Amino acid sequence: MSSKIQPVKGTREFYPEEMALRNFIYEKVRAASQSFGYQEYDGPFIEAIDLYAAKSGEELVKKQSFTFQDRGGDFVTLRPELTPSLARMIAAKQGELTFPARWWSFGPFWRYEQPQKGRSREFFQWNLDMLGVNSPEADAELIAVGAAFLRSVGLTSDLAAIYVNNRRLMDSEFDALGISAEKRMDVSNLVDRRSKMESAKWDSYALELGLDQTQLDGLKSILDNFDLWKKSDELVRLFSALEALGVSDYVKFDPNIMRGLLYYTGTVFEAFDTSGSLKRAIFGGGRYDNLLADVGGQSLSGVGFAMGDVVIGILLKEKGLLPEFVPSPAPVLVTVFDESLLRESYALAAELRHSGLNVLCFPEPAKLQKQFKFADKMKARVVLTMGPDEFSNNEVAIKNMMNGEQIKVKREAVLQSILGMLNSV
RNA sequence: GAGCCUGUAGCUCAACGGCAGAGCGUCGCCCUGUGGAGGCGAAUGUUGCGGGUUCGAAACCCGUCAGGCUCCCCA
């Protein structure tokens, strides 16, 4: 036991049931992305650490990346996020791509942090970005894709909400309070923590950061002002577009949404489960105006968001929104009556596979009871048996596992009978 | 990186200083050609690992490893 090699901490083992969940998420993600015309792509899983150094935030690069030296001595890292790779890919073909580019991706990422509920060191992430258009309406489309996904998995707008803010709006509010540019980072950090700290503690922490009492009071009134968006043309247009897109039920303005990544410049948003059973964002994103120039491209604006598979997976499980798990992808199982009929059973299964059915065949003779129990566990819907009686009459016994009825049909009619049973549900 | 909690059968857990158990699952039988419900029965443990205290340790102490939760950060 103790000598067994454990999986690397924070990595994931996808047993068939978990794999089904991952694929379920993938399918819903793909459907939502494609319904808005986004194209699928992917980047390298390993990148030079320098790619992230500029804009991803110190925490992400220095403490949370799986970094190592390759055999040539270069420092590389398992990708902790996709946006910088995307920016480079776009920049490299900027002259030949057609804009606006609408791209999406679903793949693995790694971050070295403490595994806990909703967070692992290895996770899958949906990324969706639009590049080449800088407008609140483009931002709205991104939010609408996110909302379409939530709706498609059954997270209705009373179960999940998308909170929106705008960095430019906040910057101008901070300017008005005389909060210096150097303190911006500390202040956004402060804002992020507000919901997690007692208000008295939060106040004294704010003063420690060097805000004076007037600035603190001003900050609080900003953060409590849920009508603040009306002062931002961008947000006014955003909310109008969201209404046209039919997703306003999901979206609310919230001045407390800041987001840690440094590259966001305009609209930012985060989706949460409204019951608050998980205090982690389902997805989050925003507009980045300078990222492309930072990796060597011409200035090009983008907007995007990312969703990890862990939080959404926990939520879907908790809310009972997952489809029933069917262990075997084969709805049909062929039993093996005895040694002498094994080849016949194998041949029957093969024949049905050639007709396009997924078919499971028991791999050895065994008591029929055992084989039927196995079929039941695999949630097979139809079980075929060819015993001596059936074989001598050129027949096959077909049992409908959904209602328990069994019939015998001529071998030539087996396919039709099966299809009839499978379609009758 | 810090704090708190937990490691006992495949799983969930009980036993809290005195014979290591239950439920679920698995397997077998009831049922010699048929699943789900039920009945009966069986198998399965260096109590995470190492040391210490004790007549006696799963339990108490120390260390260590692993997991969970929180802080931090974030998908």
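Since the model is a prediction, treat every value here as computed from it, not as a measurement. (Residues numbered from 1 in each chain as written. Chains lettered and ligands numbered in written order. Predicted model: local features only at pLDDT ≥ 70, side-chain atom pairs only at ≥ 80, totals over all residues. Heavy atoms only, no water.)

Peer 1: Tell me about the overall build of chain A, and please be specific about residues and values.
Peer 2: Of regular secondary structure, chain A possesses 16 helices and 16 strands. Over its C-alpha atoms chain A spans a radius of gyration of 28 Å, topping by over 25% the 22 Å that the globule rule assigns to 425 residues. Overall, the C-alpha framework of chain A stretches about 95 × 55 × 50 Å when taken along its three principal axes. Expressed as a percentage of its 425 residues, the buried residues of chain A come to 48%. Residue pairs in contact within chain A that sit at least 24 positions apart in sequence constitute 68% of those at least 6 positions apart. Working note: accessible area of chain A is about 21,100 Å², and carbon and sulfur atoms make up 51% of it. (Helix = DSSP H or I, 4+ residues; strand = E, 2+ residues; numbered from the N terminus. Rg over C-alpha atoms; globule rule 2.2 N^0.38 Å. Buried < 20%, exposed > 50% of the residue type's maximum accessible area, 1.4 Å probe, protein only. Contact = heavy atoms within 4.5 Å. Areas by Shrake-Rupley, 256 points an atom, 1.4 Å probe, with all protein chains shown as cover.)

Peer 1: Would you mind going over the protein's contact with RNA strand B in detail, with residue names and values included?
Peer 2: As a structural note, the neighbourhood of RNA strand B is formed by 42 residues, with Arg111, Lys117, Arg119, Asn189 and Lys377 the closest of them. Protein-adjacent atoms of RNA strand B, using a 4 Å cutoff, are sugar or phosphate at a proportion of 51%. One nitrogen or oxygen atom from the side chain of Arg280 is found 3.1 Å from a base nitrogen belonging to RNA strand B. With respect to RNA strand B, the side chain of Lys377 contributes an N or O atom lying 2.2 Å from a phosphate oxygen. When residues of the surface near RNA strand B are traced back to their parent elements, those giving at least two are strand S6 (122–131), helix H7 (184–193), strand S11 (302–308), helix H14 (368–377) and helix H15 (388–392). For the surface near RNA strand B, a count of residues per class yields 12 nonpolar, 13 polar and 17 charged. (Near = heavy atom within 4 Å. Polar contact = N/O pair within 3.5 Å; in protein donor to acceptor, adjacent residues only side chain to side chain. Nonpolar A, V, L, I, M, F, W, Y, C, P; charged D, E, K, R; others polar.)

Peer 1: Requested: an account of unusual backbone geometry, with residues and values cited.
Peer 2: Outside of glycine, negative phi angles account for most residues, and trans bonds account for most peptide bonds. In this model, Phe99 is joined to Pro100 through a cis peptide bond whose omega is 0°. Structurally, the position occupied by Pro100 is in the loop between helix H4 (83–92) and strand S5 (101–110). With a phi angle near 55°, Lys379 is a residue other than glycine that sits in the positive phi range. If you trace the backbone, Lys379 turns up in the loop between H14 and strand S14 (382–385). Despite not being glycine, Asn394 shows a phi value in the positive range, around 55°.

Peer 1: So, the sheet that holds strand S4 (residues 75–78): which residues are in play, and what are the values?
Peer 2: Read from one edge to the other, the open sheet built from three strands follows the order S2-S4-S3, with strand pairing classed as antiparallel. Of all the strands in the sheet, the pair left with one neighbour each is strand S2 (46–48) and strand S3 (66–69). Taking the axes of each pair of neighbouring strands and ignoring which way they run, one obtains an average angle of 35° across the sheet. Where S3 meets S4, four bridges bridge the pair, whose relative direction is antiparallel. Paired with Gln69 across the two strands is Phe75, which belongs to S4. (Pairing = 2+ DSSP bridges. Axes fitted to C-alpha atoms, helices over the stretch in contact; angles between N-to-C directions.)

Peer 1: I'd love a proper account of the pairing of strand S7 (residues 160–166), names of residues and values included.
Peer 2: Where burial is concerned, most of S7 is hidden: seven out of the seven residues are buried. In S7, alternate side chains face the same way, and those of Ala160, Ile162, Val164 and Asn166 on one face and Ala161, Tyr163 and Asn165 on the other are all buried. Strand direction decides the pairing type here: S7 and strand S9 (residues 267–273), joined by seven bridges, are antiparallel. Pairing of Val164 across the sheet is with Phe269, part of S9. Pairing analysis gives three bridges linking S7 to strand S8 (residues 251–253), with the strands arranged parallel. The partner of Ile162 across the bridge, within S8, is Val251.

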